[in-house]
Amino acid sequence: MPLRHSASTVLPAAAHYLNNHLLLKVKALGSKRRRRFSTVLMTTIIVLVAMSVVIILGVLSEHFSRRVESEFHKKLRAQQGQAEILIDNRFADIRNVLDNLAADNTIRVTVMLGARSQLKQRLTQTYPSGSGAYYFVQKYGDESIFPQSYSGLSQELITSVFEKLPYEEIIRDGSKTRLLWLFITPIMNTEGRMGTAYALYDLVEDKELIESMHPAVEGDISLITGNSLLFLSSGEILTLPFDVGELPRSPESSGLVSIDNKFALSRISGYHNLYFQSSLEGLNAEKRKVALLTGLSSALVLVISTLIAVYIGRKMVRPLHEMTKKAIQISEGRKELRFDGDGSYWEFEQLSQAFNYMLGSLKDAEERSRYKELLENVDDAVYILDGQGKILDANAAAYTRLGYLAHEFFHLTLATIVPDADARKIIAQLSTTTHNPRPPKLILETDHRKKDGSHLPVEIHSRPIVYRGEHVILNVARDISRRIEVEKEKKQLESQLIHAQKMEAIGTLAGGVAHDFNNLLMGIQGRLSMIRLQSESDQPHYRHVDQIEKAVTSAANLTKQLLGFARKGKYEIRPTCINTLVEDSTRMFIRTRKEVNLALETQDDLWTANADRGQIEQVLINLYVNAWQAMSDGGDLIVKTENIQLNEAFCKPFEVDAGDYVVIGVTDTGMGMDPETRERIFEPFFTTKGVGKGTGLGLASAYGIISNHKGFIQVESEKGRGTTFRIYLPASLSEIVKDAAVPDAPVKGKGTILIVDDEEESIIAEEVMLKELGYSVMHARRGEEAIRLYRENMETLDLITLDMIMPEMSGKEIYSRLKELNSEIRVLLISGYSHNEHVDDIMALGCNGYLQKPFDIHLLSQKINDVMRCDAAKMSGDT
C-alpha cells in the first residue's frame, strides 16, 4: 500500500515510542527480582482446586443454568426478531401499495376530475382491501373521502379514525378490539398537491400475518388491553395477575416477564402494545438436566484440575524463559534476532509471531521514517512506480504541484501525467535491470499534466531501484518553468543585442558615407551658388543651374535619411505636441489618397515629448506611405496616441530608461509581413519594392531618428493580417515653445575668416562664397596649422569656420586649444553630420553657431551674420 502523508508523522512516532518502551520494560525485568510466574500460576491453580471442592457444585449449577437460560433468551429473541421482521415487512408492503396508489395516473386523473364512481372502481379493483388493510383517497380541499365505507368497518369507526389519525392505537369497535395504524401519502401533480392517499391497517384483523408466524416462530403475538392479555392467534383473553404498568414498555427495554412460570412476555421492538409470547416449559426442563449433570461432573473436575495445574505451570515456564532471554538480547541491540516458537502451544507460537511482526514493523517504520523525512525535505517531485506505471509512493511536492489530493494521486498511472512516449521509455528501464544490475540514469525533459489539463515542464531523472524487495522505478522531477523562461528571455535579449549591434554597425557606415557625400555636395553647392550669382536669369544655362540645385537638395535629403538612421540627425529638439504633429501630418498625407480610410484616436491629455518636429514628421510620413503601399486596394489606416508608463523589465531590451512615454501607433489593414521580412525592415537599402520604386532608407532612417530621440520602435505584423508600428518617445515636463520668425535676407559683410577643413572641395566652395560676401579668407587643413595661423593673426581674424571631423586632431580638441588662446574667440562649427551629441559637446564649450553641409551662399551669409550680431550684442552688454 502507498504511504500516505499522515504516516510520515504517526509511524515514526509510534516506532520510537514502542522501541524505547520495550527496551525499558525488558531491562527492568532483567535487573529487578520479581515473583516467578510459574510459582504464582501453580499456587493459584492449587488454591482454585481446593476451593472448587467446596463451591464447584454451586458455580457449575449456576453457570449452566444461566447458560441454558441465555440460550433460551437468544432463541426467544431470534424468534421475536422473526416476528418483528414479518410485521415490519407487512408495514412496508402497505406503504408500497400506498405509494403506488399515490403515483397511479388513473387515480390522479379521477381525483382531479372528481369522478367518484371511477375512483371507487379503480380502488376496489386495483387496491382491494384485505388482511386488515383498507385504502382511501381524499381530494385536496374536499373533506369527503372515497370510498366512504368498507365491509367490516362501521361508519363510526371510519369517522373516528379520520378525526384521530391513529398510529398503533387500540380502539374498541363494538365487541371487537382493534389495533389501528393510519398511513398517509400526498398525491402530487406538476402544479403541487392535488389530494391525499390513506391506508387504514388493523393488525388484529390480519389473520394472514398471524398465521404466517406459526411456521417461522414457536410463539404467538399478544395485545395488552387494559389489564387483559389478548392472544391474537386464538382470540383468548387472559386476565393478568399484576398491574400492566409493571410490564416493560419503553423502546429501550428488552426484559422478559414470566407469567405463572408457564410462559414469558417480551415487548416487540418499536411497538408499545405488542408483545411476543413464548412457553417456559422447555427452559424449566433444561435447568433440571443441568443440575443433575453438574453434580456428577464436579467430582471428576476436582481431581483432573489438580493434575493439570502442575503440568501446565511447568510447561508454560520454559518458553517464557526463552522469550525473556531473547527480549533482553534484542533490547541490547541484537535486532537481527527473532522469536522462535517451540511448536508446543499455538498461543506461544502466535505470541512469537506477534513479537516478530512487531519487530519487523518497528524496523520498517524506522526505514519509512528516514525515507519519508528525506522525501518531504526535497523541493523536487519524487515518486515511485511499479512495472505497470502505477504510483506506489510519492512526496507531497509530487501531487500538490499538479493540483491533486494524496488519495487521488495514488490512483493514477505514469501515462496519466507524462506523455505516452516518455512513459514507455521510463517503464522500459525495468527490462534492462535483468541484463545490467546498475543501469544508467535516464534524464528526460518532458511535461507533467496537471489536474486542470495544463502542462508543467519538468526535467525527470529516472532510474530502477529495489524498494521493499521489489524492482521499481524512482522518478525525481524538477520544475524547469523558470529555466525555460530565462532561456527564452536570454535568446530574445541575444537576438535584440545582435540586431542592435548590427544596426549600430550599419549606422556607423551609413553616417560615414553621408558625411563624405555631404562634403562632395558642399563643393557642388558652393560652385552653383557662385554661378547663380554671376549669371542672369535669362541666360541659357541658368535653368540648368536651377535643376542641378534641386538635384543637390534631393541628394542632401537622402543623406539626411542616412544620418537619421545613423543616429546623427537630431536637429532642433524642443517640447512638441505630438497630437498636433500627428494631425498635421495625416491631414497632409490623406489629402491625395482618398482610397485610404483614416481613423485618428488621439488622447486628450497627451504628454509633451522632446522631439525634432521635422524628423518625427518624416518618420510618420514614411510609415503612412508604407501603409498606403501595403493596401493596394485601399483599407484602413489607424493612427493612435496615448500615454504609458514603462518599467525597467520592458525597457531593458531596448536600452532605454524606464518612465513616462508618449506612444504613436500606426496600424494598417494591408498585406502584412512574414517573419523574415519583419526582421530586416530597419536595415538600410532593404526594400520589398521593385527596382526604382524605393530607396530602402525610409524605415532605416525612422529607426535611427527614434533611437536618437532616446525612444524605440516596435512592429507587429502577420502575413495577411496587417501591420502595426508603435513609436515610444520619452515624455517631457517642459512647455511647448512656438517657432520664432527667422530673417530670410542674405547679408554681406567684411573682415577676415579662417577656414579650418581637410576637404579641398569644401575649402574652395567656402572660400569662393566668403569672398563673394566681402570677407578676406585664410584656410588651414590640419589642427596644428589652424592653431598656428590663429596665434599669428589673432588681432585680424574675426571668425573661424571649423569642420567638426578633422584628421589627427578632432574639431572639439582644436576648439579647446583655440579657446585657450582667446576665450572670446568666434567659431562657426561646420560638419557633414547633422546636429548630434558631438555637436552639443562643442556648443556647450561656447561655440557660437553650427551649420550643416551642404549649404548655399544665402544660408552661409545668414549664419555668419547671426554669429557676428550675437557676439556684438554680447560685447555691448558687457561694456
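Further up the page is the structure itself.
The text that follows walks through the structure, step by step, so that each part is easy to find. (Residues numbered from 1 in each chain as written. Predicted model: local features only at pLDDT ≥ 70, side-chain atom pairs only at ≥ 80, totals over all residues. Heavy atoms only, no water.)

Glancing now at unusual backbone geometry. In this structure, Lys710 is a non-glycine residue whose phi angle is positive, near 65 degrees. Phi is positive for Glu808, which is not a glycine, with a value near 70 degrees. As for its placement among the helices and strands, Glu808 is situated in the loop between strand 25 (797-803) and helix 23 (811-821). (Helix = DSSP H or I, 4+ residues; strand = E, 2+ residues; numbered from the N terminus.)

This part covers the nonpolar core. Of all hydrophobic cores here, the largest spans 57 residues; its most connected members are Ile87, Ile107, Phe136, Trp181, Tyr201 and Leu274. When residues no more than four places from it in sequence are discounted, the contact partners of Tyr201 are Arg90, Phe91, Ile94, Ser131, Gly132, Ala133, Leu179, Leu180, Trp181, Phe183, Asp206 and Leu209. Of all hydrophobic cores here, the second largest spans 33 residues; its members include Ala611, Val619, Tyr624 and Ile664. (Core = buried A, V, L, I, M, F, W, Y, C linked by side-chain atoms within 4.5 Å. Buried < 20%, exposed > 50% of the residue type's maximum accessible area, 1.4 Å probe, protein only. Contact = heavy atoms within 4.5 Å.)

Right, let's get into the side chain of Asn643. Take Asn643: it is sitting in strand 19 (residues 635-646). For Asn643, the side chain forms a polar contact with the main-chain nitrogen of Trp607, separated by 2.9 Å. Each residue touching Asn643, except ones within four places of it in the same chain, is listed here: Gln603, Asp605, Leu606, Trp607, Tyr661 and Val662. (Polar contact = N/O pair within 3.5 Å; in protein donor to acceptor, adjacent residues only side chain to side chain.)

Sheet architecture is open: five strands sit in the order 12-11-15-14-13, paired in antiparallel fashion. Sheet topology places strand 12 (391-394) and strand 13 (442-449) at the edges, where each strand pairs with a single neighbour. Between one strand axis and the next, the sheet turns through 35 degrees on average, direction left out of account. Against the sheet, helix 12 (residues 420-427) contacts strand 11 (381-385), strand 13, strand 14 (455-467) and strand 15 (470-479), and its axis sits at roughly 140 degrees relative to strand 13. (Pairing = 2+ DSSP bridges. Axes fitted to C-alpha atoms, helices over the stretch in contact; angles between N-to-C directions.)

With that out of the way, let us pick up the packing of aromatic side chains. Applying the stated criterion to the full structure yields 22 aromatic pairs. A ring pair is formed by Phe136 and Phe162, whose centres lie 5.3 Å apart and whose planes are at 85 degrees; its orientation type is edge-to-face. Placement of the pair is Phe136 in strand 1 (residues 133-139) and Phe162 in helix 5 (residues 155-164), with a sequence separation of 26 residues. The buried category is assigned to Phe136, whose relative accessible area is 0%. Taking 6.3 Å as the distance between ring centres and 50 degrees as the angle between the ring planes, the aromatic pair formed by Phe650 and Phe712 counts as tilted. In this pair, Phe650 is assigned in helix 18 (residues 648-651) and Phe712 in strand 21 (residues 712-717), connecting sequence segments 62 residues apart. Residue Phe650 is classed as partly exposed on the basis of its relative accessible area, which comes to 31%. Among the residues examined, Phe712 registers a relative accessible area of 4% and is labelled buried. (Phe/Tyr/Trp six-rings, centres within 6.5 Å; stacked < 30°, edge-to-face > 60°.)

Turning our attention to empty space enclosed by the protein. Counted under the stated rule, the structure contains two cavities of 30 Å³ or more. Roughly 60 Å³ of volume is contained in the largest cavity. Contributing to the lining of the largest cavity are Ala381, Ala397, Ala398, Arg401, Leu402, His448, Leu456, Val458, Ala477, Arg478 and Asp479. Elements that contribute at least two residues to the lining of the largest cavity include exactly helix 9 (396-400), strand 14 and strand 15. Looking at the lining of the largest cavity, the element that brings in the most residues is strand 15, giving three residues. The residue makeup of the lining of the largest cavity, split by class, is seven nonpolar, one polar and three charged. (1 Å grid on protein atoms, 1.4 Å probe; cavity = no way out; pocket = protein on both sides within 12 Å on 5 of 7 lines; lining within 4 Å. Points joined across faces, edges and corners; volume = space filled by probe spheres on them. Nonpolar A, V, L, I, M, F, W, Y, C, P; charged D, E, K, R; others polar.)

The next thing to look at is the pairing of strand 9 (residues 263-267). Extensive coverage of strand 9 is indicated by the burial of five of its five residues. Judged from the three bridges that link them, strand 8 (residues 257-259) and strand 9 form a sheet pairing that is antiparallel. Each bridged residue has a counterpart across the sheet, and for Ser258 the counterpart in strand 9 is Ala264. Note: strand 9 against strand 10 (residues 274-279), five bridges, orientation antiparallel. When the bridges of strand 10 are listed, Ser266 appears paired with Phe276. Joining the antiparallel neighbours strand 9 and strand 10 is a turn of six residues, in which Gly270 adopts a positive phi near 90 degrees.

With that out of the way, let us pick up the pattern of salt bridges. For the coordinates displayed, the defined rule picks out 19 salt bridges. When the shortest N-O distance is used, the salt bridge between Arg478 and Asp380 registers 2.7 Å. Separated by 98 residues along the polypeptide, Arg478 in strand 15 and Asp380 in the loop between helix 8 (346-376) and strand 11 bring together distant segments of the chain. Of the charged contacts in the structure, one is a salt bridge between Arg483 and Glu487, with a shortest N-O distance of 3.9 Å. Here Arg483 and its partner Glu487 are both found in helix 14 (residues 481-533), four residues apart, which amounts to about one turn of the helix. Taking the relative accessible area as the measure of exposure, Arg483 reaches 32% and is therefore partly exposed. By sharing partners, the salt bridges in this structure join Glu445, Glu459, Arg483 and Glu487 into a single network. (Salt bridge = Lys/Arg side-chain N within 4 Å of Asp/Glu carboxyl O.)

Next up on the list: helix 22 (residues 783-792). Listing the buried residues of helix 22 in full gives Gly783, Ala786, Ile787, Leu789 and Tyr790. The arc that holds the buried residues of helix 22, viewed along the axis, is 165 degrees, so those residues lie on one side. In this fold, the buried residues of helix 22 make contact with strand 23 (752-756), strand 24 (776-780), strand 25 and helix 23. (Arc of directions from axis to C-beta.)

So, on to helix 21 (residues 760-772). Over its 13 residues, helix 21 runs 18 Å from end to end, which matches the ideal 18 Å to within 8%, given 1.5 Å per residue. Among the residues of helix 21, Ser762, Ile763, Ala765, Glu766, Glu767, Met769 and Leu770 are the ones counted as buried. Positive phi appears at Gly774, one or two residues downstream of helix 21, with a value of about 105 degrees. (Expected span 1.5 Å × (residues − 1).)

Strand order in the open sheet formed by six strands is 7-6-5-10-9-8, with antiparallel pairing between adjacent strands. Since the sheet does not close on itself, it has two edges, and those belong to strand 7 (237-239) and strand 8, each with one partner. Neighbour-to-neighbour, the strand axes of the sheet open up by a mean angle of 35 degrees, direction not taken into account. Bridge count for strand 5 (residues 220-225) against strand 10 is four bridges, and the pairing is antiparallel. Considered in strand 10, the bridge of Ile221 is made with Phe276.

Turning our attention to the environment of Lys289. Structurally, Lys289 can be placed in helix 7 (residues 281-331). Sequence separation of Lys289 and Val68 is 221 residues, and the distance between their C-alpha atoms is 9.9 Å.

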